[in-house]
Amino acid sequence: MNFVGNAFDEIAVDDTFGQTLTITEAHIVQACGLFGDFNPLHSNDAFAQQTRFGQRILHGPMTSAYMTASIGMYFYATAVAYLAHDCRFLAPVLAGDTLTTEWRIAELIAKPHHQGGIAVLAGHCRNQRDEIVAEADGKILLLNRAAVPEEARRS
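Keep in mind that what you see is a predicted model, and the values were worked out from it rather than measured.

A. Representation of unusual backbone geometry within the structure. We note that Ala77 has phi near 70 degrees; this positive angle belongs to a residue other than glycine. Looking at where Ala77 falls in the secondary structure, it is placed in the loop between helix H4 (60-74) and strand E2 (79-89). We note that Asp130 has phi near 65 degrees; this positive angle belongs to a residue other than glycine. For Asp130, a relative accessible area of 52% puts it in the exposed group.

B. Structural detail: the pattern of salt bridges. This structure, assessed with the given rule, holds 10 salt bridges. Arg88 is paired through a salt bridge with Glu135; the nearest N and O atoms lie 4.0 Å apart. With a gap of 47 residues between them, Arg88 in strand E2 and Glu135 in strand E5 (residues 132-143) connect regions that are remote in the sequence. A residue is classified by how much of its surface remains accessible, and Glu135, at 29% relative accessible area, is partly exposed. Residue Arg129 is joined to Asp97 by a salt bridge in which the shortest nitrogen-to-oxygen separation is 3.6 Å. Taken as a pair, Arg129 in the loop between strand E4 (116-126) and E5 and Asp97 in the loop between E2 and strand E3 (98-111) lie far apart in primary sequence, 32 residues in all. With a relative accessible area of 44%, Arg129 lands in the partly exposed category.

Cut-offs applied
Counting from 1, residues in each chain are numbered in the order their sequence is written. Where local features are concerned, this predicted model is filtered to residues with pLDDT of at least 70; where side-chain atom pairs are given and counted, the filter is 80 or more; whole-chain, interface and lining totals use all residues. Only heavy atoms go into the side-chain values, all of them from the structure, while hydrogens and water stay out. Helix and strand definitions here come from DSSP, where helices need a minimum of 4 consecutive H or I residues and strands a minimum of 2 consecutive E residues; each element is numbered from the N-terminal end. Accessibility here uses a 1.4 Å probe with only protein chains present; expressed as a share of the type maximum, an area under 20% marks a residue as buried, one over 50% as exposed, and anything in between as partly exposed. Salt bridge, as used here, is a side-chain nitrogen of Lys or Arg placed within 4 Å of a carboxyl oxygen of Asp or Glu.

Okay, here's the thing in structure tokens:
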């Protein structure tokens, strides 16, 4: 899939975007290896069954990474750099949960010297029971459409 996402001069305050994904056992297992975090809350069924969660839970950083994936796709080929990310984890994520992330553009800061500007983002992630499992804030430096490299526009 190659396309060019939204540029700084094409977005507005209060625009929203996001995505939905069902978490599987494979996500939990892969996160253990990716992060090198084999805490028994993530890696040991017998241990996790004895905890308040009753089963293994997804690593918080994996929930955070899932949330940022929609930012990468929404600003595909128009992003210069993701500048800041602050994520708060409010509820556990279990295998079988379907997560829906929604981001809102909270503020736009023009940066003419950079041929674009900074989008300040506010996001949340809900499970299928409509519980907020995570909230996050982010900042991303974006190009205006005219500044997107020609190669990206041909993709």
